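Each chain, written out:
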Amino acid sequence: MLGDPRPTILHLVNSLDGGGTERALLRLLDEFDRTSYRHVVVTLRDAGGLAPNLPSNVACRAIGACAKSKCLGLAVARIAKQENARILHARNTCCWADATIAKLLTPRVHLVLGFHGLDHAGRFSRRDRIVASVARCLGAGFVSVSASGRDKLTGELGVGRGHVSRLPNGITLRTAHERPAARRDLLRKSFGIAPSDFVIGTVGSLTDVKRIDLLLAAFAETHATTSHTRLLVIGDGPNRAALQESARQAGLDDAVVFTGWRNDIESYLNAMDAYACASD
């Protein structure tokens, strides 16, 4: 924005639909020092369901692409010039190539490639390796949310450890602490869960990499010996029908609750006694 003396940071994401990476970005923008920096979120696709939750002074510019295109990098570069951006942070691998193209076209913008995890098990793709190599030549910095992610960047992509910052995700605990027990019990009741049941929960997209199938198998063993346990699965995705069928075949219809996509994740975390993550 012309006339604004604050440096502008562009946060590039695929879309603001409800994944962990996107929710972490919203929490960051809520807590960030807005007197020192100006923030703009750029989405390659449509803005997404979480866009209305952005702080009022954080703009969202949706490119609205329907498919991958070499022109997306041009669009990102155009927005970077219009917003007079100083930093372009691509928040996961799906945005790396477009951000790197934008960096080529806007040399004064500092490029940061963030790594939150792959959407598949195994190693980085050949495309990721090529993009990372070009980005390194352009002086890009890399950010990981975990030590294992940092090791993956250095081991598979050849990024020097001095060029990778580890910035763990933060969770605001005060929200859960402020929720009364009565609300917790009411939420459980809405799913047919008794106040005395022990609830194991997870949050994530219902895709292969999240390994909800593994969690279901582990829960089946637990439930066989401890009947007052329940599994709360929050999220949606292409594997939902198959996972529900697996739960039915295992005789877990009454013990496993699939909530679908939810916006108020903190409320659902408050209904759990334990959190489980089976993701690859």
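Below you will find a few notes about this structure. Small disclaimer: the values here were computed from a predicted structure and weren't measured.

This paragraph deals with the overall build of the protein chain. Across its full length, the protein chain holds 10 helices and 11 strands. For 280 residues, the compact-globule estimate of 2.2 N^0.38 gives 19 Å, and the C-alpha radius of gyration of the protein chain, at 21 Å, lies within 12% of that figure. Looking at the protein chain as a whole, 42% of its 280 residues qualify as buried. Expressed as a percentage of contacts within the protein chain between residues at least 6 apart in sequence, the contacts between residues at least 24 apart total 68%. Per element, the accessible surface of the protein chain, about 14,400 Å² overall, is 53% carbon and sulfur.

On to the state of the cysteines. Using the criterion set out here, one finds zero disulfides in the structure. You can see Cys-277 has no disulfide; the closest cysteine sulfur is in Cys-94, sitting 19 Å from it. By relative accessible area, which is 63% here, Cys-277 ends up exposed.

What follows is about the pattern of salt bridges. If you walk through the whole model with that rule in mind, you get 12 salt bridges. A salt bridge links Lys-152 to Glu-156; the nearest nitrogen and oxygen atoms lie 2.7 Å apart. With Lys-152 and Glu-156 both in helix α5 (residues 147-157) and four residues apart, this pair spans about one turn of that helix. Both residues of the pair, Lys-152 and Glu-156, count as buried. As a salt-bridge pair, Glu-245 and Arg-248 come within 2.5 Å of each other at their nearest N and O atoms. Taken together, the residues span about one helical turn, with Glu-245 and Arg-248 both in helix α9 (residues 240-249) at a distance of three residues. Owing to a relative accessible area of 45%, Arg-248 belongs among the partly exposed residues under this scheme. Because the salt bridges share partners, they merge into one network encompassing Arg-38, Arg-61 and Glu-83.

Attention shifts here to the sheet that holds strand β9 (residues 229-234). What the four strands build is an open sheet, ordered β10-β9-β8-β11; its pairing is parallel. Every interior strand has two partners, whereas the edge strands, β10 (256-260) and β11 (274-275), have only one.

A few words now on the environment of Leu-157. With respect to the helices and strands, Leu-157 occurs in helix α5. With a relative accessible area of 7%, Leu-157 lands in the buried category. As a C-alpha pair, Leu-157 and Arg-136 span 21 residues in sequence and 9.8 Å in three-dimensional space. Apart from the residues within four sequence positions on either side, Leu-157 is in contact with Trp-96, Phe-124, Asp-128, Arg-129, Ala-132, Arg-136 and Lys-152.

Right, let's get into helix α8 (residues 212-225). Taking 1.5 Å of rise per residue, the 14 residues of α8 would be expected to cover 20 Å, and the 20 Å separating its terminal C-alpha atoms lies within 8% of that figure. Those residues of α8 not exposed but buried are Ile-212, Leu-215, Leu-216, Phe-219 and His-223. Angular distribution of buried residues about the axis of α8 spans 100°; they occupy a single face of the element. α8 presents Glu-221, Ala-224 and Thr-225 as exposed residues on the side facing more than 90 degrees away from its buried surface. Where α8 is buried, its residues contact β8 (198-203), β9, α9 and β10.

Helix length check: helix α1 (residues 20-31), at 12 residues, gives a terminal C-alpha distance of 17 Å against a target of 16 Å (1.5 Å per residue), a fit within 8%. Buried within α1 are the following residues: Thr-21, Glu-22, Arg-23, Ala-24, Leu-25, Leu-26 and Leu-29. Buried residues along α1 sit against β1 (8-13), β2 (38-43) and α10 (265-270).

Turning to the sheet that holds strand β5 (residues 110-115), a few remarks are in order. Strand pairs in the sheet, formed through backbone hydrogen bonds, run parallel or antiparallel to each other. Spatial ordering of the open sheet is given by β3-β2-β1-β4-β5-β6-β7, a layout of seven strands whose pairing is parallel. On the outer flanks of this sheet lie β3 (59-62) and β7 (164-166), each paired with one strand and no other. The average angle at which neighbouring strand axes cross in this sheet is 25°, direction not considered. As judged from the six bridges shared by β1 and β2, these two strands associate in the parallel manner.

Right, let's get into the packing of α8 against α9. For the pair α8 and α9, the least separation of the axes is 10 Å and the interaxial angle reads 15°. Here α8 lies roughly parallel to α9, going by the angle between them. Judged by the sense of rotation from one axis to the other, the crossing of α8 with α9 is right-handed. Contacts between α8 and α9 involve Ile-212, Asp-213 and Leu-216 from the first element and Leu-243, Ser-246 and Ala-247 from the second. Considered class by class, the residues forming the contact of α8 with α9 number four nonpolar, one polar and one charged.

Rules and cut-offs
Residues numbered from 1 in each chain as written. Predicted model: local features only at pLDDT ≥ 70, side-chain atom pairs only at ≥ 80, totals over all residues. Heavy atoms only, no water. Helix = DSSP H or I, 4+ residues; strand = E, 2+ residues; numbered from the N terminus. Rg over C-alpha atoms; globule rule 2.2 N^0.38 Å. Buried < 20%, exposed > 50% of the residue type's maximum accessible area, 1.4 Å probe, protein only. Contact = heavy atoms within 4.5 Å. Areas by Shrake-Rupley, 256 points an atom, 1.4 Å probe, with all protein chains shown as cover. Disulfide = S-S within 2.5 Å. Salt bridge = Lys/Arg side-chain N within 4 Å of Asp/Glu carboxyl O. Pairing = 2+ DSSP bridges. Expected span 1.5 Å × (residues − 1). Arc of directions from axis to C-beta. Axes fitted to C-alpha atoms, helices over the stretch in contact; angles between N-to-C directions. Parallel < 35°, antiparallel > 145°, perpendicular 65-115°, else oblique. Left-handed = near helix turned anticlockwise from the far one by under 90°. Nonpolar A, V, L, I, M, F, W, Y, C, P; charged D, E, K, R; others polar.

Note that every value here comes from positions in space, so none of it alone points to a role or purpose.
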